[in-house]
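# Reading the structure
What follows is the residue order along each chain.
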Amino acid sequence: MAKKYDCTNDYISFDRVIDLQTPVVSRDTFGAEILTWTSDIIPASIEPQNNSQEEIGSSKKRAYTTINFIIRYRDLLYEKQKIVFEGNDYDIIGITEVPRRKYTRINAVLIR
């Protein structure tokens, strides 16, 4: 069973580094949208989930793995951001404060 962090204690080992990326949309001289990402490197703890799932639909097969990242509290997080960790992109699917204004748990999914 995956280790579950008790976020109510005073010590969580932030032993990993994640790249929290925020999308920035601009326009070129012809009016076409250009999507770029700004990076924010932050320390984190990892709370792995035991669920890897496959989804089959519209003749595509997708596998995805869920992971929780624990970071110090941040108030400017939203689900359009993404996390880059160990060379993989993770889509953010949930954000929770645990406990209030101390830590933030980011539930993310790796889509292969």
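Everything that follows concerns the structure shown earlier in this document.
As the structure is a prediction and not an experimental result, all values here were calculated from the model. Residue numbers here run from 1 along each chain, matching the order of that chain's written sequence. Where totals are concerned, whole chains, interfaces and linings use all residues; where local detail is concerned, this predicted model gives features only for residues with pLDDT of at least 70, and gives and counts side-chain atom pairs only at 80 or more. Here the side-chain values reflect all heavy atoms present in the structure, with hydrogen atoms and water set aside.

Let us look at the nonpolar core. By nonpolar core is meant a set of buried Ala, Val, Leu, Ile, Met, Phe, Trp, Tyr and Cys residues that side-chain atoms within 4.5 Å join together. When accessible area is computed with a 1.4 Å probe and restricted to protein chains, residues below 20% of their type maximum are described as buried, those above 50% as exposed, and intermediate ones as partly exposed. Ile 18, Phe 69, Ile 71, Ile 83, Phe 85, Tyr 90 and Ile 106 are the most contacted members of the largest nonpolar core, which has 16 residues in total. Apart from residues lying up to four places away in sequence, Ile 18 is in contact with Asp 40, Ile 41, Ile 42, Ala 44, Phe 69, Ile 71, Ile 83, Val 84 and Phe 85. Ile 12, Phe 14, Ile 70 and Tyr 103 belong to the second-largest nonpolar core, a separate cluster that totals five residues. Throughout, a residue-residue contact means that at least one pair of heavy atoms, one from each residue, lies within 4.5 Å.

Here a pair means two rings of Phe, Tyr or Trp (six-membered ring of Trp) with centres within 6.5 Å. Their orientation is stacked below 30 degrees between planes, edge-to-face above 60, and tilted elsewhere. This model, assessed by the stated rule, comprises four aromatic pairs. For the pair Phe 69 and Tyr 90, a centre-to-centre distance of 5.5 Å together with 80 degrees between the ring planes defines the contact as edge-to-face. Here Tyr 90 lies in strand E5 (residues 88-97) and Phe 69 lies in strand E3 (residues 60-72), a separation of 21 residues in the sequence. What makes Phe 69 buried here is its relative accessible area of 0%. You can call Tyr 90 buried: its relative accessible area is 8%. By definition, any uninterrupted DSSP run of H or I lasting at least four residues is a helix, any uninterrupted run of E lasting at least two residues is a strand, and each is numbered from the N terminus.

Here we come to the environment of Phe 69. Separated by 16 residues in the primary sequence, Phe 69 and Phe 85 have C-alpha atoms spaced 9.9 Å apart. Apart from the residues within four sequence positions on either side, Phe 69 is in contact with Ile 18, Ser 45, Ile 46, Ile 83, Phe 85, Tyr 90, Thr 104, Arg 105, Ile 106 and Ala 108.

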